Amino acid sequence: GQLSLACLPAFAHALLPGACARFQKAHPGVSVSVDPVESPSLEERLAAQAHDLGLVEHDGALAGAPARRLLELDEVAVLPAGHPLAARRRLEARDFAGQPFVSFHPRDRYRQGVDRWFADAGVERQLAMETDNAVAVCAMVRHGLGVAIVNPLTALAVAGAESTSAHGLVVRPLTRSLPFRVYAVRPAHRPGNALVARFEAALEAECDALARQVARAWGRPRARA
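These lines cover the structure that appears in this document, whether it is placed above or below. (Residues numbered from 1 in each chain as written. Predicted model: local features only at pLDDT ≥ 70, side-chain atom pairs only at ≥ 80, totals over all residues. Heavy atoms only, no water.)

## Re the sheet that holds strand β9 (residues 169-173)
If you trace the three strands from one edge of the open sheet to the other, you get β8-β5-β9, paired in antiparallel fashion. Of all strands in the sheet, those with a lone pairing partner are β8 (148-150) and β9, marking the two edges. Between one strand axis and the next, the sheet turns through 35° on average, direction left out of account. As defined by bridge partners, strand β5 (residues 76-80) adjoins β8 across three bridges and the pair is classed as antiparallel. In the strand pairing of β8, Val78 is matched with Ala148. (Pairing = 2+ DSSP bridges. Helix = DSSP H or I, 4+ residues; strand = E, 2+ residues; numbered from the N terminus. Axes fitted to C-alpha atoms, helices over the stretch in contact; angles between N-to-C directions.)

## Some remarks on the side chain of Arg111
Its place among the elements puts Arg111 in helix α4 (residues 109-121). At a separation of 2.6 Å, a polar atom in the side chain of Arg111 contacts the side chain of Asp115. Excluding anything up to four places from it in sequence, Arg111 contacts Ser103, Phe104, His105, Pro106, Leu127 and Glu130. (Polar contact = N/O pair within 3.5 Å; in protein donor to acceptor, adjacent residues only side chain to side chain. Contact = heavy atoms within 4.5 Å.)

## Considering the sheet that holds strand β2 (residues 31-36)
Read from one edge to the other, the open sheet built from five strands follows the order β2-β1-β3-β10-β4, with strand pairing classed as mixed. A single partner strand is all that each edge strand has here, and the edge strands are β2 and β4 (67-74). Taking each pair of neighbouring strands and ignoring which way they run, the sheet shows an average axis angle of 15°. By the bridge criterion, three bridges tie strand β3 (residues 53-56) to strand β10 (residues 179-185) in an arrangement that is antiparallel. Counted as the bridge partner of Val56 is Tyr183 from β10. Here helix α6 (residues 152-159) sits on the sheet and contacts β4 and β10; the angle it forms with β4, its principal contact strand, is near 60°.

## Some remarks on the packing of aromatic side chains
All chains considered together, the criterion is met by eight aromatic pairs. Ring centres of Phe96 and Phe101 lie 6.1 Å apart, and the angle between their planes is 70°; on these two criteria the pair is classed as edge-to-face. Note on accessibility: Phe96 and Phe101 belong to one class, buried. A centroid spacing of 5.8 Å and a plane angle of 80° characterise the contact between Phe101 and Phe118, whose relative ring orientation is edge-to-face. Of this pair, Phe101 sits in strand β6 (residues 100-104) while Phe118 sits in helix α4; the two residues are 17 residues apart in sequence, bridging distant segments of the chain. (Phe/Tyr/Trp six-rings, centres within 6.5 Å; stacked < 30°, edge-to-face > 60°. Buried < 20%, exposed > 50% of the residue type's maximum accessible area, 1.4 Å probe, protein only.)

## Considering the environment of Ala121
Along the chain, Ala121 turns up in helix α4. Ala121 gets classed as partly exposed once you look at its relative accessible area, which sits at 44%. Along the primary structure Ala121 and Arg94 are separated by 27 residues, whereas in three dimensions their C-alpha atoms are 7.2 Å apart.

Honestly, it's all geometry; don't read function into it.
Put into C-alpha cells, the structure is as follows:
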C-alpha cells in the first residue's frame, strides 16, 4: 500500500519521523510519502485533494474538510547558550524588553499571537531577524542572532529535553499560555484510504509520547480533545 501525507516543515522534522517509525513497524510493506509545504501552499495542496492526510496548525485551514485535534501544548522560548535569561525558570513578557528577537513573518498566526502578548504588556523588542521556518529560527538563535518563541515540538527536536545548553540552545517555558496545536485533516472528496486511520493511530501515540516529554522538561501538557 501507499500513503501520501502533506504537512508543515516543522511537523516533518519533529513529529512525523516518530509517527512513521511506529506505523512502519506495524505495517512494514507500506510506502509513506511526506511532503513538507509551508502555508498557504499546504492548504492549497490539501484543497486540491492531492494527499491522503494533512497535518496543520489550525482547524480552519481547510473549510469543509474533516479536522481532528491531535495535540495542544504551549509555545516556549529558545535562548542561545549562556544567555542571561537562561537563569530564569520561566520567562514573562518584560524579560524580552530590548532583546534582539528572531521572529516569524508577520502573516504567521503564531507570530501574530506573540506580537499581541508583547503589545498587551507594553514591551518592545528588537526585531532582528524574520523567517518562515521554526528550525531556521532555532539555528539563528544558536548563532546568537537573538532570542525567540517557537513551538515545543521543534524546541524538543532541536534542543533536546535537557535544561542545559548542551546543544547550544536553552529552552524555557513562558508565564503566559501561547497554545500550539496540531490537527489532522482528511480531504473532503479524495477516495478513502484504509491506511489513514491506522496512521492516525500512530500519530496519536507519537503525540502522547511527545506530550509526556514536554511535560517532564518544561511543564504540564495540554490534553488532546
